[in-house]
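Inside the fold
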Amino acid sequence: METHESLLELIGNTPLVRLRLPGDGRGAAVYAKLEYLNVGGSVKDRIGLRMIEEAEKSGALGPGGTVVEATSGNTGAGLAMVAAAKGYRTIVVLPDKTSAEKLATLRAYGAEVVVRPGGLPLQDPEHILNVAARIAEQTPGGWFAGQYGNPANPAAHYLTTGPEIWRQTDGRITHLVSCVGTGGTISGTGRFLKEASGGTVRVIGADPASSVYSGGDGRPYFVEAAGRFRHPETTEDIWPDSYQQDVVDEILPIADRDSLLTIRRLAREEGLLVGGSAGTAATAALRVAADLGPQDLVVVILPDSGRQYLSKYFNDAWMLRQGFLDSDDGDASAPRVG
Ligand code: PMP
């Protein structure tokens with residue numbers, strides 16, 4: 001029989017698909033790792049599974065327990081899916097810029113959702129991390145997943161995403177491009193690929209312009225879940241434990257407008273419906289590939305699906321309101337006729 005006893009066995013092993021956008025035959029080939037094909041819809045299924053399994057092993061999470069996390073959405077969905085499959089309760093604390101689709105998805109998995117203002121300094125008791133930590137403490141059997149400080153986050157990518165890419169490219173990958181949110185994806189995947197290649201694979205972060213990772217001032221930006229907003233008066237470290245700086249060779253800042261126009265093109269010209277941070281990563285990957293040659297091979301990680309952002313990035317009225325589309329042509333990414 002070709003069957004599975006649990007959907008948790010299906011997490012990972014996502015395909016690599018060539019991007020056609022570069023189109024002019026110059027530069028290096030770019031292959032996209034389609035993380036939206038994970039069963040829970042994003043790259044974060046991998047860490048949802050690993051963080052919960054490690055917590056079970058250490059005894060931090062047990063029968064009747066409650067998983068608590070502060071997240072921009074996908075980690076919550078990964079945790080809520082795994083928790084539902086294993087019989088745990090989930091409580092997720094999110095910033096108020098989170099899309100309506102992500103909130104609805106969490107509720108659909110049976111998670112309890114708590115929304116708090118984003119952009120507060122860490123010392124504010126209402127910062128989502130403090131709210132989540134408090135809820136975990138006050139809930140009997142509560143366990144705070146803590147993706148920013150949990151070694152199972154980068155480890156999930158070191159043990160799965162990295163080896164998959166190495167195998168899928170027959171060891172020919174020369175450049176990895178990934179967004180940086182918690183840094184787990186780029187650190188774990190990048191570390192594995194550097195070790196496997198004897199240090200030759202170059203690891204490039206793609207960061208929303210104004211996020212602190214690329215030296216920005218931390219002003220709020222629109223792309224969700226990538227980069228890091230850091231309040232100017234915060235006591236928070238710039239670099240969370242889940243981000244391993246020594247793995248990353250370079251970080252490219254990418255403007256929101258470029259990220260969002262790229263995903264609208266990917267949807268219309270390639271049939272790839274992906275989220276805003278995938279646009280940040282793909283824009284960076286196309287820039288990197290343009291300066292390389294046919295002997296190089298770029299892999300870019302596309303974290304989630306565009307279906308989570310239909311009311312924002314794929315909604316012309318929203319895009320016009322934010323100034324990402326020009327009102328005179330209505331839709332800058334639409335094919336022009338005549
Ligand atoms: N893009 C999306 C859509 C995400 O959900 C995340 C995870 N927060 C990232 C990018 C960044 O990944 P990481 O946290 O592993 O750096």
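Residues numbered from 1 in each chain as written. Predicted model: local features only at pLDDT ≥ 70, side-chain atom pairs only at ≥ 80, totals over all residues.

1. A few points about the site of the ligand
- In the vicinity of the ligand lie 18 residues, with Asn 74, Gly 181, Thr 182, Thr 185 and Ser 277 positioned nearest.
- Of the residues assigned to the shell around the ligand, the class counts are five nonpolar, 11 polar and two charged. (Near = placed C-beta within 6 Å. Nonpolar A, V, L, I, M, F, W, Y, C, P; charged D, E, K, R; others polar.)

2. Considerations on the sheet that holds strand 6 (residues 142-144)
- Within the open sheet, the four strands sit side by side as 5-4-3-6. Their pairing is parallel. Each having just a single partner strand, strand 5 (112-116) and strand 6 make up the two edges of the open sheet. The average angle at which neighbouring strand axes cross in this sheet is 20°, direction not considered.
- In terms of strand pairing, strand 4 (residues 89-95) meets strand 5 through five bridges, oriented parallel. The partner of Leu 94 across the bridge, within strand 5, is Val 115.
- Lying over the sheet, helix 2 (residues 74-86) contacts strand 3 (66-70) and strand 4, oriented at roughly 175° with respect to strand 4.
- The strands that helix 4 (residues 128-138) touches are strand 3, strand 4, strand 5 and strand 6; relative to strand 3, the one it contacts most, it runs at about 165°. (Pairing = 2+ DSSP bridges. Helix = DSSP H or I, 4+ residues; strand = E, 2+ residues; numbered from the N terminus. Axes fitted to C-alpha atoms, helices over the stretch in contact; angles between N-to-C directions. Contact = placed C-beta atoms within 7 Å.)

3. Things to note about the sheet that holds strand 9 (residues 250-254)
- Pairing in this open sheet of six strands is mixed, and the strands run 1-2-10-7-8-9 from one edge to the other. A single partner strand is all that each edge strand has here, and the edge strands are strand 1 (16-18) and strand 9. Looking at each pair of strands side by side, their axes are set apart by 25° on average, direction ignored.
- Relative to strand 10 (residues 297-302), strand 2 (residues 29-34) is paired through six bridges, and the arrangement is parallel. Bridge pairing links Ala 29 to Leu 297 in strand 10.

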